[in-house]
Amino acid sequence: MSSHLILPAGAALLLMAMLTSCDPGDRAAGAAGGDSVLPDPHSFARPQEARVRHVSLDLTPDFASHQLSGTASLTIERAAGADSVILDVRDLAIRRVTTPGGEQLAFALGEGDSIRGQPLVIRLPERADTVVIEYQTSPSAAAVQWLSPLQTLGKRQPFLFTQGQAILTRTWVPTQDSPGIRQTYDAVIHVPAGLRAVMSAELVDPDGETAGGLTAYRFRLDQPVPPYLFALAVGDLAFREIGPRSGVWAEPALVDSAAREFGEVEQMIAAAERLYGPYRWGRYDLLVLPPSFPFGGMENPRLTFATPTVLAGDRSLVSLVAHELAHSWSGNLVTNATWDDFWINEGFTVYLEGRIMEELRGKDYADMLRQLGRQSLLATFQELGGPQSPDTRLHLDLAGRDPDLGMNDVAYEKGAAFLQTIEAAVGRERLDIFLRGYFDRHAFQPMDSERLLQELNQHLFAGDEQLESRVRPREWVFEPGLPDNAPPERAAAFEKVDRQVAAFREGARPGDLQTRGWSTHEWLHFLRALPDTLDHDRLQALDQTFGFSETGNSEILFQWLRSAIRNHYEPAFPALERFLTSQGRRKFVAPLYQDLAATDWGRDLARRIYARARPGYHSVTAATVDRFLQPQPGG
Ligand code: BES
Ligand code: ZN
């Protein structure tokens, strides 16, 4: 055990004794919860002994020192005889722990590791069930990104945002940071004039309360959620209403175009409700973040966080909104119990996303999404070492590893393909009824692979062994690769694209190809289907005709830049460098560096661009790129 022990000596000894048996595998069966009994290899908590029910935050961001400081008051429920609670923390400075009445409580930080952080053990008072933790975050807290005014659109105010998934909430909130331990929360955030706070919770008083130069914004989330869904952003934010229960927050210069881009959100919510039952979170708002936001979207409850790279101007990338909205059922209502079953969040969500988009745009459109998804899956299998690799299984074993490593297209696209397979076997109508019941039966509860298979047996196959053997659910969940009963994904709309690719391969000039009316998805298919090797004249003709290097569509640009790197096509490199230094979405940034770093000529270029870009990236993106491009000293 490392670290400091705080008084009195007797209590400290007791805590040390506790910590030595701090093995997440050995959990007493017990009373304090009724949630997941599965051990979570990424949390130190022992919820059967004592578990957090509610978190109440009072935090003040300091934009000069890049720290949040204040208190977290936790309401604890405990089994008979439990005299301490174990939380997850990483890089937090714990100042004191008290009862609400101010009586000091003994606490100790136990030994941890760089992935999970440390256990924080707090001695519980005899009677009270609330502990007040006074603490401060580290300037390098992995969840939090602090942006200078120059890194924002408006250039006048700083910005900060948090990203909790998978196990980063513990770097800004001391709590039991496991997806199986749901908690309600409330918060008061004190911010300087000119800034506004938003959270994944109900804004209790829209104008805030100003005192002593700071405005306090109050929030409350009454539905219990896993802590990875706690989220905060502070910046110069404006709001536009876009529907009866929806709106968008963004920097003032962006808010109108964002409101236009997301104008269909009420139709999406209504479509999802018809399919999967009521939207249970009250409002559904979106927040457009600065370009360093490391994901396309993050399904924070009541307030999806989104990258500005989704604003293509023509609503062509809004399936991302359908995706994050779908998490309001798959993920936020029924939640993977541990990160080993991340596919239960993402695979279901990709399937739901396709269904919502089919309601909005029709079958041809959704078929394109599904075929692009299948292509990505097959490419991911190759990157993971082929379809026999154990990491191509849906159910993973991430103990001892960073859960981020399991967060690839296997969970998303193989997971969705599993549901497509079930749909093909039982019919859409029966699957829809099953899913609706599944969300109701397990609302606000964790779900794991074994339990899901039981659900399918009980509520879908219902003793029909022939049906079950047609689906082969255990093979899907526990074996590598793509089972051969996966329905093929063929979008009719891509047949015409394939004909144009064939013509191009046979020598047709780009200007002679029939591309009128193509949507983003047709262009993505076109770019992916191009020959791996192309000479520079052909690439130049493509770029001059279609303007790929100059496109404002981030997905198309990304796909084009991959072709450019593959062929060492230097005229596209200024666009490449611009793209890598102007946004930090991991899905775009990491593969481009990786492609560059895999060539003899590109490794130094990658390092040079990365040295310049890295300070602008969120830790999630930087940590991924660091794995294959060690940062240069001083970079
Ligand atoms: N929950 C994920 C984002 C995430 C995944 C955060 C893993 C942390 C760890 C979100 O719902 C998501 O999947 N976003 C996608 C977009 C979507 C349309 C596939 C993304 O960010 O690209
Ligand atoms: Zn998702």
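One structure accompanies this document, and this report is about it. From a predicted model like this one, the values you see are computed outputs, not experimental measurements. (Residues numbered from 1 in each chain as written. Chains lettered and ligands numbered in written order. Predicted model: local features only at pLDDT ≥ 70, side-chain atom pairs only at ≥ 80, totals over all residues. Heavy atoms only, no water.)

### Focus on the sheet that holds strand E9 (residues 159-162)
If you walk across this open sheet you meet the four strands as E8-E9-E15-E11, and the pairing is antiparallel. The strands lining the two open edges of the sheet, one partner per strand, are strand E8 (144-147) and strand E11 (196-199). With direction set aside, neighbouring strand axes in the sheet form an average angle of 10°. Note: E9 against strand E15 (residues 232-235), two bridges, orientation antiparallel. (Pairing = 2+ DSSP bridges. Helix = DSSP H or I, 4+ residues; strand = E, 2+ residues; numbered from the N terminus. Axes fitted to C-alpha atoms, helices over the stretch in contact; angles between N-to-C directions.)

### Quick notes on the coordination of the zinc ion (ligand 2)
When a metal carries six donors in an octahedron, the ideal angles between them are 90 or 180 degrees, while four donors in a tetrahedron ideally lie at 109.5 degrees. For the zinc ion (ligand 2), every protein donor is listed as His-323 (NE2), His-327 (NE2), Glu-346 (OE) and Glu-346 (OE), and the spread of their distances is 1.9 to 2.7 Å. Each of the six donor atoms around the zinc ion (ligand 2) contributes to a set of angles spanning 53 to 159°, which defines the coordination as irregular. Sequence positions of the residues that donate to the zinc ion (ligand 2) give the spacing H-x3-H-x18-E. The class for His-323 is buried, based on a relative accessible area of 9%. For His-327, a relative accessible area of 0% corresponds to the buried category. (Donors = N, O, S within 2.8 Å, 3.2 Å for Na, K, Ca; no water. Tetrahedral: all angles 85-135°; square planar, octahedral: opposite > 155°, others 65-115°. Buried < 20%, exposed > 50% of the residue type's maximum accessible area, 1.4 Å probe, protein only.)

### A few points about the nonpolar core
Core analysis: the biggest nonpolar cluster contains 197 residues, and Trp-172, Phe-262, Phe-526 and Tyr-593 have the highest contact counts within it. Here this core takes 10 residues from helix H5 (residues 342-361), the largest share from any one element. For Phe-526, the residues in contact, after removing those within four places along its chain, are Val-497, Val-501, Leu-513, Trp-518, Leu-542 and Phe-548. (Core = buried A, V, L, I, M, F, W, Y, C linked by side-chain atoms within 4.5 Å. Contact = heavy atoms within 4.5 Å.)

### A word on the pairing of strand E17 (residues 246-250)
With five of five residues buried, E17 is to be regarded as a mostly interior element. Residue alternation in E17 divides its side chains into two sets, Ser-246, Val-248 and Ala-250 and Gly-247 and Trp-249, and both sets are buried. Note: strand E16 (residues 238-243) against E17, five bridges, orientation antiparallel. Directly across from Arg-240, in E17, lies its bridge partner Val-248. Remark: two residues form the turn of the hairpin made by E16 and E17, two consecutive strands paired antiparallel. With four bridges connecting them, E17 and strand E18 (residues 284-288) associate as parallel partners. Residue pairing in the sheet places Val-248 in a bridge with Leu-286 of E18.

### Comments concerning empty space enclosed by the protein
According to the stated counting rule, one finds three cavities of 30 Å³ or more in the structure shown. Its boundaries defined by the atoms lining it, the second largest cavity holds a volume of some 50 Å³. Lining the second largest cavity are Tyr-279, Trp-281, Tyr-284, Glu-299, Asn-300, Pro-301, Arg-302, Thr-304, Glu-324, Ser-328 and Asn-332. Class assignment for the residues of the lining of the second largest cavity results in four nonpolar, four polar and three charged. (1 Å grid on protein atoms, 1.4 Å probe; cavity = no way out; pocket = protein on both sides within 12 Å on 5 of 7 lines; lining within 4 Å. Points joined across faces, edges and corners; volume = space filled by probe spheres on them. Nonpolar A, V, L, I, M, F, W, Y, C, P; charged D, E, K, R; others polar.)

### Some thoughts on helix H8 (residues 428-441)
When the terminal C-alpha atoms of H8 are compared, their 20 Å separation across 14 residues agrees well with the 20 Å that a helix rising 1.5 Å per residue should span. Every buried residue of H8 is listed here: Leu-431, Asp-432, Phe-434, Leu-435, Gly-437, Tyr-438 and Phe-439. Residues of H8 that are buried sit in contact with helix H3 (265-276), strand E21 (334-336), H5, helix H7 (409-426), strand E22 (445-447) and helix H9 (449-461). (Expected span 1.5 Å × (residues − 1).)

### Topic: the site of ligand 1
Within the structure, ligand 1 sits among 17 residues, and Gln-165, Gly-296, Glu-299, Glu-324 and Tyr-412 are positioned closest to it. Gly-297 is positioned such that a nitrogen or oxygen atom in its backbone is 3.2 Å from a nitrogen atom of ligand 1. The separation between an oxygen atom of ligand 1 and a polar side-chain atom of Tyr-412 is 2.6 Å. When ligand 1 sits alone it has 530 Å² of accessible area, and the protein chains cover 89% of it. Contributing elements (two or more residues each) for the shell around ligand 1: strand E19 (297-298), helix H4 (319-326) and H5. Among the elements that line the shell around ligand 1, the one with the most residues is H4, at three residues. The residue inventory of the shell around ligand 1, partitioned by class, reads six nonpolar, six polar and five charged. (Near = heavy atom within 4 Å. Polar contact = N/O pair within 3.5 Å; in protein donor to acceptor, adjacent residues only side chain to side chain. Areas by Shrake-Rupley, 256 points an atom, 1.4 Å probe, with all protein chains shown as cover.)

### Observations regarding the sheet that holds E19
Pairing in this open sheet of five strands is mixed, and the strands run E16-E17-E18-E20-E19 from one edge to the other. Both edges of this open sheet fall to E16 and E19, since each of them pairs with a single strand only. Contacts between H3 and the sheet are confined to E16, E17 and E18, with E18 contributing the most and set at about 135° to the helix. The strands touched by H4 are E18, E19 and strand E20 (303-306); relative to E18, the strand with the most contacts, the crossing angle is about 125°.

### Thoughts on the side chain of Ser-328
Topologically, Ser-328 is positioned in the loop between H4 and E21. Its relative accessible area of 5% is what places Ser-328 among the buried residues.

### Digging into the packing of H4 against H5
In the contact formed by H4 and H5, the axes pass within 8 Å of each other and the chain directions differ by 125°. The pairing of H4 with H5 is recorded here as oblique in orientation. The element H4 and its partner H5 pack so that their crossing is right-handed. Where H4 abuts H5, its residues Ser-319, Ala-322, His-323 and Ala-326 lie against Glu-346, Thr-349, Val-350, Leu-352, Glu-353, Ile-356 and Met-357. Each residue belonging to the contact of H4 with H5 can be placed in one class, and the counts come to six nonpolar, three polar and two charged. (Parallel < 35°, antiparallel > 145°, perpendicular 65-115°, else oblique. Left-handed = near helix turned anticlockwise from the far one by under 90°.)

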